[in-house]
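# Observations on chain architecture
Spelled out from the first residue to the last, the chains are:
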Amino acid sequence: EVQLLESGGGLEQPGGSLRLSCAASGFSFSSYAMNWVRQAPGKGLEWVSGISGSGGSTYYADSVKGRFTISRDNSKNTQHLQMNSLRAEDTAVYYCAKKTRGTNWYFDLWGRGTLVTVSS
Amino acid sequence: DIQMTQSPSSLSASVGDRVTITCRASQGISNSLAWYQQKAGKAPKLLLYGASRLESGVPSRFSGSGSGTDYTLTISSLQPEDFATYYCQQYYSTPWTFGQGTKVEIK
């Protein structure tokens, strides 16, 4: 079955760190760029970060640049999001999303999400 | 960054109604537009890409059109399973940005 499964969310204090993971199955993981998209409670979608299939290129939204780091392990079909210096505004459901084949950055497969809450 | 503005923010409609949602980009995006459907508590689902191309498995009652800065999503005959929030997303230039969403509710 083609699917993405996120893990690693939870409650963290402001200034703290969390590491999210996304396990992929059912497709050739290394052939596709992967992304993280978040959704704050009751709000819309915000693209956070992306990584090329090889892992050689990474991309970030300005809101997380310098604080978050995306990575992937193609031998384990997983991607990660290391989140440091967390802020209250980082509170959201974080979705793992697969980019479609080719050069266009839209997302044809999403995970169910993992909730990150930043609060003291 | 390219700003995406959807209208309306919400609408009420009945089963069988024709529904149209508009998405306007702050600059031309050359049909680099996708539409997603999100049901409460669920992940988004891709409906269309390239402004008008239907994703595999998506019912044909969904259609998209537009060019330049203005795009529309149309549901030709609303079904009970279509009550959800719809988002547009531009992939013309990074950062990839979404509209704020349009919630389609039961009238």
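Higher on the page you've got the structure.
Residues numbered from 1 in each chain as written. Chains lettered and ligands numbered in written order. Predicted model: local features only at pLDDT ≥ 70, side-chain atom pairs only at ≥ 80, totals over all residues. Heavy atoms only, no water.

### Remarks on the pattern of salt bridges
All names here are of chain B. Note the threshold: By definition here, a salt bridge exists when the distance from a side-chain nitrogen of Lys or Arg to a carboxyl oxygen of Asp or Glu is within 4 Å. To qualify as a helix, a DSSP run of H or I must reach at least 4 residues; to qualify as a strand, a run of E must reach at least 2; elements of each kind are numbered from the N terminus. Note on exposure labels: buried denotes an accessible area under 20% of the residue type's maximum, exposed denotes more than 50%, and partly exposed covers the range between, all computed with a 1.4 Å probe on protein chains only.
Enumeration over the complete set of coordinates arrives at 9 salt bridges over all chains. Where Arg24 meets Asp70, a salt bridge forms, and the shortest distance between an N and an O atom there is 2.6 Å. In this pair, Arg24 sits in strand S3 (residues 19-25) while Asp70 sits in strand S8 (residues 70-75), placing the two residues 46 residues apart along the sequence. Glu81 is paired through a salt bridge with Arg61; the nearest N and O atoms lie 3.4 Å apart. You can see Glu81 sitting in the loop between S8 and strand S9 (85-90) and its partner Arg61 sitting in the loop between strand S6 (53-54) and strand S7 (62-67), a full 20 residues away along the chain. By relative accessible area, which is 41% here, Glu81 ends up partly exposed.

### With respect to the pairing of strand S4 (residues 34-39) of chain A
All names here are of chain A. Going by this rule: Note on pairing: DSSP must find at least two bridges between two strands before they are called paired.
The element S4 is extensively covered by neighbouring structure, given that 6 of its 6 residues are classed as buried. Neither face of S4 is open: one carries Met34, Trp36 and Arg38, the other Asn35, Val37 and Gln39, and all of them are buried. Count of turn residues in the S4/strand S5 (residues 45-51) antiparallel hairpin: 5 residues, of which Gly42 carries a positive phi of about 70°. Looking at chain direction, S4 and strand S9 (residues 92-99) are connected through 6 bridges and run antiparallel. Directly across from Val37, in S9, lies its bridge partner Tyr95.

### Digging into the interface of chain B and chain A
The following threshold applies: Should any heavy atoms of two residues lie within 4.5 Å, those residues are considered in contact. By definition, the buried area sums, over both parts, the 1.4 Å-probe accessible area that each loses when the two are put together. Throughout this description, a polar contact denotes any pair of N or O atoms lying within 3.5 Å of each other; where both atoms belong to protein, one of them has to be capable of donating a hydrogen while the other can accept it, and for residues adjacent in sequence the pair is counted only when both atoms sit in side chains.
With 17 residues of chain B in contact, the opposing surface of chain A contributes 16 residues. Interface area, chain B with chain A, both sides summed: about 1500 Å², of which 65% is carbon and sulfur. Interface area lost by chain B to chain A is led by B:Pro44, B:Trp96 and B:Phe98, which between them contribute 37%. At the surface where chain B touches chain A, the tally comes to 0 salt bridges. If you look at where chain B meets chain A, you find 6 residue pairs in polar contact (both at pLDDT 80 or more). Contributing elements (two or more residues each) for the side of chain B that touches chain A: strand S4 (33-38), strand S5 (45-49) and S9 of chain B. By residue number, the principal contributor to the side of chain B that touches chain A is S4(B), which donates 3 residues.

### Overview of the sheet that holds strand S7 (residues 68-73) of chain A
Residue and element names in this part refer to chain A. Using the following cut-off: Fitted lines through C-alpha atoms give the axes, limited to the stretch in contact for helices. The angle between two N-to-C directions lies from 0 to 180 degrees.
With antiparallel pairing, the 4 strands of this open sheet are ordered in space as S1-S3-S8-S7. Each edge of the sheet is formed by a strand with only one pairing partner; in this case those strands are strand S1 (3-7) and S7. Going from strand to strand, the sheet's axes swing by 15° on average, the running direction of each strand aside. The pairing of S7 with strand S8 (residues 78-83) spans 6 bridges and is antiparallel. Paired with Ser71 across the strands is His80, a residue of S8.

### Notes on the state of the cysteines
The following threshold applies: The disulfide criterion is simple: two cysteine sulfur atoms within 2.5 Å.
As enumerated under the stated definition, the model contains 2 disulfides over all chains in all. Sulfur-sulfur distance for the disulfide between A:Cys22 and A:Cys96 comes to 2.0 Å. Measuring the twist about the S-S bond at about -70°, one finds the A:Cys22-A:Cys96 disulfide to be left-handed. With A:Cys22 in strand S3 (residues 18-25) and A:Cys96 in strand S9, this pair connects stretches of sequence that are 74 residues apart. Take A:Cys96: its relative accessible area is 0%, and that puts it in the buried class. Disulfide pairing places B:Cys23 opposite B:Cys88 at an S-S distance of 2.0 Å. Here the disulfide of B:Cys23 and B:Cys88 is right-handed, its torsion about the S-S bond being about 70°. Of this pair, B:Cys23 sits in strand S3 while B:Cys88 sits in strand S9; the two residues are 65 residues apart in sequence, bridging distant segments of the chain. Note on B:Cys23: relative accessible area 0%, which makes it buried. On the basis of relative accessible area, B:Cys88 is assigned to the buried category, the value being 0%.

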